[in-house]
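What the coordinates show
Below, each chain spelled out in residue letters.
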Amino acid sequence: MTLPEPQGFDYVGNCIRPPSEANSILIQATLGCSHNKCAFCGTYYDKRFGIKDRQTLEQDLRFAQKHCRRQDRVFVMDGDALIMPMAHWEWLLGQIREKLPWVRRVGSYANSKSIAMKSDDDLRRLRELGLGILYYGVESGHPDVLRDIKKGADPEKLITQGRRAKAAGMKVSVTVLLGVGGAERSQEHARATGQLLTAMDPDYVGALTLMLIPGTPMGDAHAAGQFKLPDAKGMLMELREMLANTDLSDGLFFANHASNYLPIKAYLPADKQKALELIDGALSGRVGLKPEWMRAL
């Protein structure tokens, strides 16, 4: 039987991907986020978590097979697609290898729960099948901040699961959030987060700046005067403290997201001092900052 020609990818609701996956083939294998409780995030309020059926994914892969031959990476969405059972992952990665043989790497979002649900053998198997990088939402290394933002994990669990993924041979790209501890805990959050990053030693760190979203618990707390963000100088001081306390054996520290006031890209350990001096220049007024109207999620 001849199957009908798919007319495009099957995307449901809001879909996001890391900036580094901007040119990737985006396959939405899950809907929403299985956790969906983080106090700062409203990305997946528009849908309930679910796993898409194989027929839908087969249609997406057939569309990619015909129309995405210049793209050599695949990013599997939604929020923490790693949560999918192994059988589903093995099938999907096998289909990507069969139908898109030119693809060099597959990536996915992950959280500590989804990594913990995979055994060491599972993680190694996923790596063998092509899952090469996990984008790991950590946000903070401070236990009180993690509790307040309802992250569902403590620093020890975040470190352990990140190290397990890296030991399996995957690249680990960690996201942390400037400002998520508020003005009150700014420096404590920054210091603890740098210490967590040092202990985990990921391949990449992406430091974003918290932008409050109306309708989320943190956005509503800010509107009610119960949560105060650091100002631009406070965010820079937080970034400096975080970077000063981060030692990676061989990693890349980014703070060049659209939300950030000062773009930073530093290979650690070699560029650490130069990056700290750049931040000091911004704090002293010698280096300009991105204006508020240019900042975005």
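Structure: above.
Throughout what follows, the structure given in this document is the object of discussion. Quantities reported herein were computed from a predicted structural model and do not represent experimental measurements. (Residues numbered from 1 in each chain as written. Predicted model: local features only at pLDDT ≥ 70, side-chain atom pairs only at ≥ 80, totals over all residues. Heavy atoms only, no water.)

Observations regarding the layout of surface pockets
- Size it by volume and the second largest pocket reaches roughly 300 Å³.
- The wall of the second largest pocket is formed by 16 residues, among which Asp 148, Gly 181, Met 218, Gln 226 and Phe 227 lie closest to the centre.
- Secondary-structure elements contributing two or more residues to the lining of the second largest pocket are α5 (143-148) and α8 (217-223).
- No other element matches α8, which puts three residues into the lining of the second largest pocket.
- Taken together, the residues of the lining of the second largest pocket sort by class into nine nonpolar, three polar and four charged. (1 Å grid on protein atoms, 1.4 Å probe; cavity = no way out; pocket = protein on both sides within 12 Å on 5 of 7 lines; lining within 4 Å. Points joined across faces, edges and corners; volume = space filled by probe spheres on them. Helix = DSSP H or I, 4+ residues; strand = E, 2+ residues; numbered from the N terminus. Nonpolar A, V, L, I, M, F, W, Y, C, P; charged D, E, K, R; others polar.)

Some words on the packing of aromatic side chains
- Applying the stated rule across the entire model yields five aromatic pairs.
- Ring centres of Phe 75 and Tyr 109 lie 5.1 Å apart, and the angle between their planes is 85°; this geometry places the pair in the edge-to-face category. Of this pair, Phe 75 sits in strand β4 (residues 73-77) while Tyr 109 sits in strand β5 (residues 105-110), placing them 34 residues apart in sequence. Of the two residues, Phe 75 and Tyr 109, both sit in the buried class.
- With centroids separated by 5.8 Å and ring planes inclined at 75°, the aromatic side chains of Phe 75 and Tyr 135 adopt a geometry described as edge-to-face. One end of the pair, Phe 75, is in strand β4; the other, Tyr 135, is in strand β6 (residues 131-139), with 60 residues separating them in the sequence. As far as burial versus exposure is concerned, Phe 75 and Tyr 135 are alike and both buried.
- By way of ring pairs, the aromatic residues Phe 9, Tyr 11 and Phe 63 are connected into one cluster. (Phe/Tyr/Trp six-rings, centres within 6.5 Å; stacked < 30°, edge-to-face > 60°. Buried < 20%, exposed > 50% of the residue type's maximum accessible area, 1.4 Å probe, protein only.)

A short note on the environment of Gly 13
- Among the structural elements, Gly 13 can be located in the segment before β1 (25-28).
- Here Gly 13 falls in the partly exposed class, since its relative accessible area comes to 49%.
- It is 23 Å that separates the C-alpha atoms of Gly 13 and Leu 208, two residues lying 195 residues apart in sequence.
- Not counting the four nearest positions on each side in its chain, Gly 13 is found in contact with Asp 46 and Lys 47. (Contact = heavy atoms within 4.5 Å.)

A few points about the packing of helix α2 (residues 86-99) against helix α4 (residues 120-128)
- Direction vectors running N to C along α2 and α4 enclose 15°, while the axes themselves pass 10 Å from each other. In terms of orientation, α2 lies roughly parallel with respect to α4. As for the relative orientation of α2 and α4, their crossing is left-handed in sense. Residues Met 86, Trp 89, Glu 90, Leu 93 and Arg 97 of α2 touch α4, and the partners they reach there are Asp 122, Arg 125, Leu 126 and Glu 128.
- Residue classes in the contact of α2 with α4 are distributed as four nonpolar, no polar and five charged. (Axes fitted to C-alpha atoms, helices over the stretch in contact; angles between N-to-C directions. Parallel < 35°, antiparallel > 145°, perpendicular 65-115°, else oblique. Left-handed = near helix turned anticlockwise from the far one by under 90°.)

Quick look at the nonpolar core
- Ranked by internal contacts, the top residues of the largest apolar core, which has 77 residues, are Trp 89 and Leu 92.
- With six residues, the top contributor of residues to this core is α2.
- Those residues in contact with Leu 92 that sit more than four places away from it in its chain are Ala 29, Leu 57, Leu 61, Val 76 and Met 84.
- Within the second largest apolar cluster, six residues are counted, among which are Leu 26, Phe 75, Tyr 109 and Tyr 135. (Core = buried A, V, L, I, M, F, W, Y, C linked by side-chain atoms within 4.5 Å.)

Here we look at the side chain of Ser 186
- Assignment of secondary structure puts Ser 186 in helix α7 (residues 186-200).
- Taking relative accessible area as the criterion, Ser 186 reaches 7% and is therefore assigned buried.
- For Ser 186, the side chain forms a polar contact with the side chain of Glu 238, separated by 2.5 Å.
- Not counting residues up to four positions away in its chain, the partners in contact with Ser 186 are Pro 230, Gly 234 and Glu 238. (Polar contact = N/O pair within 3.5 Å; in protein donor to acceptor, adjacent residues only side chain to side chain.)

Here's the deal with the pairing of β6
- Burial analysis of β6 places nine of its nine residues in the buried class, which makes it a mostly covered element.
- Judged from the five bridges that link them, β5 and β6 form a sheet pairing that is parallel. Residue pairing for β6: Ser 108 is matched across the bridge by Leu 134.
- In this sheet, strand β7 (residues 171-178) lies alongside β6 in parallel orientation, the contact comprising six bridges. From the neighbouring strand, Ile 133 faces β7, where its bridge partner is Lys 171. (Pairing = 2+ DSSP bridges.)

In short, shape yes, function no, at least from these values alone.
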